[in-house]
Amino acid sequence: MKTKYVLRLAALALLAVACENGGESETQKSLTIDPVAMTFAAVSAPSQEVTVAAVGVEWKAEVGKSAAEWLSAVRTGTDRVAVSVTDNPKAEKRTGKVIVFVPDADDMRSRKEVTVVQQGNENPEVYSLSLSVKELEFGAKDAVEQQVVVTVCGEGLTWKAETDAEWIAVTPSGDGFGVAVHENSQPAERRGMVTVTPSDPSVQPCRLVVRQAAGELPPKMELNYTEFRFKPTGEHAIGEALLYVTTQNCGWSWRTVDEAGVPIDWILIQDRRPEYEILSITCRENMESADRIGYLDIVPQTDALETMRVTITQMAVKDYMSELTGDVDMTAVSRNAYVSMTPLNDWEERSTPWMLRFWDDGVGYDEAVYPPFSQTGGYVELELYSDRILFNDDSEYDLPAGVYAVVSQEDAMGNGGIDTITAGYQITTMWDPEHCVGSWYYYMENDEVVRKAPLTEGTLTVERTGDDYILVFDFRDDAGHALSGRREGPLSVVGIGVPSPRP
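Residues numbered from 1 in each chain as written. Predicted model: local features only at pLDDT ≥ 70, side-chain atom pairs only at ≥ 80, totals over all residues. Heavy atoms only, no water.

Undergrad: Just checking my understanding: could you explain the overall build of the protein chain for this structure?
TA: A count of helices and strands for the protein chain gives three helices and 39 strands. For the protein chain, whose C-alpha radius of gyration is 47 Å, the value lies well above the compact-globule estimate of 23 Å for 503 residues. C-alpha extents for the protein chain along the principal axes are approximately 130 × 80 × 45 Å. Scored against the burial criterion, the 503 residues of the protein chain give a buried share of 38%. Taking all contacts inside the protein chain whose residues are at least 6 apart in sequence as the whole, residues at least 24 apart take part in 61%. Accessible surface for the protein chain amounts to roughly 29,000 Å². Of this, 48% is attributable to carbon and sulfur atoms. Treating the 43 positive side-chain charges of the protein chain as one cloud and the 80 negative ones as another, the clouds have centres 14 Å apart. (Helix = DSSP H or I, 4+ residues; strand = E, 2+ residues; numbered from the N terminus. Rg over C-alpha atoms; globule rule 2.2 N^0.38 Å. Buried < 20%, exposed > 50% of the residue type's maximum accessible area, 1.4 Å probe, protein only. Contact = heavy atoms within 4.5 Å. Areas by Shrake-Rupley, 256 points an atom, 1.4 Å probe, with all protein chains shown as cover. Lys, Arg positive; Asp, Glu negative; His and termini not counted. Charge placed at Lys NZ, Arg CZ, Asp CG, Glu CD.)

Now the structure itself:
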């Protein structure tokens, strides 16, 4: 009877649907399989066949991915697929699929499936995974790698060991794995985990606890300041000079020395306050004619750190602030210019402030940064006050012609400061005991100011011929050096700010 059924199935598959079209007939493509389901014993199951009837198509057979480890399908002829299974070691039955299909065909009728069921094993194999230890302990540093043995029960069961702790390293080794750790520099014990995951999801993973002893923090030392400046009297420019010494796992001492390392006694250090690690610094009065520089060395009591040096500068008593050694040619210094001013609101009754900056060709200038000057050469900043100039709609302004005289800061402010230039003077700030204010000449070398002088007397004469200005400089600093010269050419005036209502 089976033989007749198979012949009948083949005959049906070969049946063509004819259609008349110009006297020719066309064969209908088709694909059928038998059977569509099969069952296998758990152990020593013989292979079974699927019969494929294909008309006008080429076909292939494959196994569904979920059953690829235990189920196979091999084409054995033009119309046969041999299906076989490996022994099922588990008590649970398992299911897979054999797929017969026409390559590159989208039609579901070109894809046929055989459902394959394999019975569970009456005497299933037991799968398990265990470790030789459950916990490892390591020292804080110089820890030797330790080995862990993995015992596996069950044919074909594999495993992998992983950790998510960056300080733990896991290396496969023989029938287990090695565990190593990085040095622990933190003052606290740390704990990590190594997870051993079996290839069979029905088997529970094993976890290995890794502990590492607390380490010692490395020696470290920090200072809140690396330099201090003192007045000739020995006082700090602003309040008390306190040096905070912050340490970690190291002691320290201090010494006061000169550039050659010879001890000096003009820097005075108050006894150390161990509970706060603070040094209070003062200086003896400087009776010399020049500034002096010394050093406070903070010496760590460990070879792992280097001595930290604090620079102590004490100013000398000066009859003048100028650092010039000769006169200055303002004709060369004023080759380049930037002129800005702040117009007044119509309700303001006071003089108009200006800032005039001039520099020679060796100096770079960038208004977008502060300080705007760089490179090497001389430059001048003049703080000037003119008669009342109001905001205008065109934002176009001119420097009024006239003679501007250098006066003290008190005389330059307010209504009485019209046609004046503020003399250079110094104020004490938190960071700079000799902060320059008013009008000054500076000389730079490689972006650093190396000489400066306040303009304390003289005049700037401003004349106008068409679009050109004629500026005549006739200044002196507080040491009597002349800063004089002449500049001719246009000036571009930048107005700063916007009008505002009366407050």
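Now that the structure has been shown, the text picks up again.
Undergrad: What am I meant to see in the nonpolar core here?
TA: If you look at soluble globular proteins, the nonpolar side chains tend to sit buried side by side. The biggest cluster of nonpolar side chains holds 31 residues, and the ones touching the most others in it are Trp-354, Leu-356, Leu-382, Leu-399, Leu-460 and Phe-475. Of all elements in the fold, only helix H2 (330-333), strand E26 (336-341), strand E27 (352-359), strand E30 (377-386), strand E31 (402-407), strand E36 (448-465) and strand E37 (468-477) reach the threshold of two or more residues within this core. Those residues within four positions of Leu-399 in sequence are excluded, and the remaining contacts are Trp-354, Leu-356, Leu-384, Tyr-404, Val-462, Tyr-469, Leu-491 and Val-493. (Core = buried A, V, L, I, M, F, W, Y, C linked by side-chain atoms within 4.5 Å.)

Undergrad: Honestly, the environment of Gly-156 in this entry has me stumped. Any pointers?
TA: Mapped onto the elements of the fold, Gly-156 is located in the loop between strand E11 (146-153) and strand E12 (159-163). With 43 residues separating them along the chain, Gly-156 and Ser-199 place their C-alpha atoms 8.7 Å apart.

Undergrad: Could you clarify how one ought to interpret the sheet that holds strand E23 (residues 292-300) in this entry?
TA: Pairing between sheet strands relies on hydrogen bonds along the backbone, with the strands arranged either parallel or antiparallel. Strand order in the open sheet formed by four strands is E18-E24-E23-E20, and the pairing between neighbours is mixed. Each edge of the sheet is formed by a strand with only one pairing partner; in this case those strands are strand E18 (227-230) and strand E20 (252-257). In this sheet, neighbouring strand axes are inclined to one another by 20° on average, regardless of whether the strands run parallel or antiparallel. Judged from the seven bridges that link them, E23 and strand E24 (residues 308-314) form a sheet pairing that is antiparallel. What sits directly across from Asp-297, in E24, is Arg-309. (Pairing = 2+ DSSP bridges. Axes fitted to C-alpha atoms, helices over the stretch in contact; angles between N-to-C directions.)

Undergrad: I would appreciate a short explanation of the layout of surface pockets in the present structure.
TA: Where empty space is left becomes clear once a probe the size of a water molecule has been rolled over the atoms. Considering only enclosed or pocket space, the second largest pocket measures out at about 550 Å³ in volume. If you trace the second largest pocket, you find 19 residues lining it, with Glu-69, Pro-89, Lys-90, Arg-94 and Tyr-127 closest to the centre. For the lining of the second largest pocket, the residue count by class is five nonpolar, five polar and nine charged. (1 Å grid on protein atoms, 1.4 Å probe; cavity = no way out; pocket = protein on both sides within 12 Å on 5 of 7 lines; lining within 4 Å. Points joined across faces, edges and corners; volume = space filled by probe spheres on them. Nonpolar A, V, L, I, M, F, W, Y, C, P; charged D, E, K, R; others polar.)

Undergrad: Looking at this structure, how should I read the sheet that holds strand E5 (residues 71-75)?
TA: Spatial strand order, E1-E3-E6-E5: four strands in an open sheet with antiparallel pairing. Single-partner strands in this sheet number two, and they are strand E1 (30-34) and E5. Each adjacent strand pair in this sheet contributes to an overall mean axis angle of 20°, direction not counted. The pairing of E5 with strand E6 (residues 80-85) spans five bridges and is antiparallel. Bridged to Ala-73 within E6 is Val-83.

Undergrad: Explain the confidence of the model for the protein chain to me, please; I cannot follow it from the model alone.
TA: Predicted coordinates in areas of low pLDDT are best not read in detail. Looking at the protein chain, the pLDDT average stands at 90 and 92% of residues meet or exceed 70. In this model residues 1-24 is a low-confidence stretch, pLDDT under 50, and it forms 15 contacts with partners more than four residues away in sequence or in other chains. (pLDDT = per-residue confidence, 0-100.)

Undergrad: Even after reading the chapter, I still don't get the pairing of strand E22 (residues 278-283), so can you show me in this structure?
TA: Regular strands place side chains that alternate from one sheet face to the opposite one. Within E22, five of the six residues are buried, leaving the element largely enclosed by the surrounding structure. Sheet topology places strand E19 (residues 241-248) next to E22; four bridges connect them, and they run antiparallel. In the sheet register, Tyr-244 faces E22, and the bridge partner there is Ile-278. In this structure, strand E21 (residues 267-269) lies alongside E22, joined through three bridges in antiparallel fashion.

Undergrad: Which parts of the structure should I look at to understand the pairing of strand E9 (residues 128-131)?
TA: Of the two faces of E9, only the one carrying Leu-129 and Leu-131 is buried; Ser-128 and Ser-130 on the other face are not. Bridging between E9 and E11 involves four bridges; their strand directions are antiparallel. Paired with Leu-131 across the two strands is Val-150, which belongs to E11.

Undergrad: How do you make sense of the packing of aromatic side chains when you look at a structure like this?
TA: Aromatic ring pairs are described here by two measures, namely the spacing of the ring centres and the angle between the planes. If you walk through the whole model with that rule in mind, you get 12 aromatic pairs. Here Tyr-338 and Tyr-365 contribute two aromatic rings whose centre-to-centre distance is 5.6 Å and whose plane-to-plane angle is 35°, an arrangement assigned as tilted. Placement of the pair is Tyr-338 in strand E26 and Tyr-365 in strand E28 (residues 363-365), with a sequence separation of 27 residues. In this structure, Arg-75 is placed above the aromatic ring of Trp-59, and the distance from its NZ or CZ to the ring centre is 3.8 Å. One cation-aromatic arrangement involves Lys-90 over Tyr-127; the distance from NZ or CZ to the ring centre is 5.9 Å. (Phe/Tyr/Trp six-rings, centres within 6.5 Å; stacked < 30°, edge-to-face > 60°. Lys NZ or Arg CZ within 6 Å of the ring centre and 35° of its normal.)

Undergrad: Explain the pattern of salt bridges here, please?
TA: Pairing of side chains with opposite charge becomes possible as their charged atoms draw close. The final tally for this structure, using the stated rule, is 18 salt bridges. As a salt-bridge pair, Arg-255 and Asp-297 come within 3.2 Å of each other at their nearest N and O atoms. Residue Arg-255 is found in strand E20, and its partner Asp-297 is found in strand E23; the two are separated by 42 residues along the sequence. Judged by relative accessible area, Arg-255 falls into the partly exposed class, the value being 40%. Its relative accessible area of 2% is what places Asp-297 among the buried residues. The salt bridge partner of Asp-398 is Arg-464, with a shortest N-O separation of 3.6 Å. (Salt bridge = Lys/Arg side-chain N within 4 Å of Asp/Glu carboxyl O.)

Undergrad: Explain the side chain of Arg-357 to me, please; I cannot follow it from the model alone.
TA: Mapped onto the fold, Arg-357 is located in strand E27. Engagement of the side chain of Arg-357 in a polar contact is seen with the side chain of Glu-367, the distance being 3.3 Å. Here Glu-381 takes part through its side chain, which lies 3.0 Å from a polar atom of the side chain of Arg-357. (Polar contact = N/O pair within 3.5 Å; in protein donor to acceptor, adjacent residues only side chain to side chain.)

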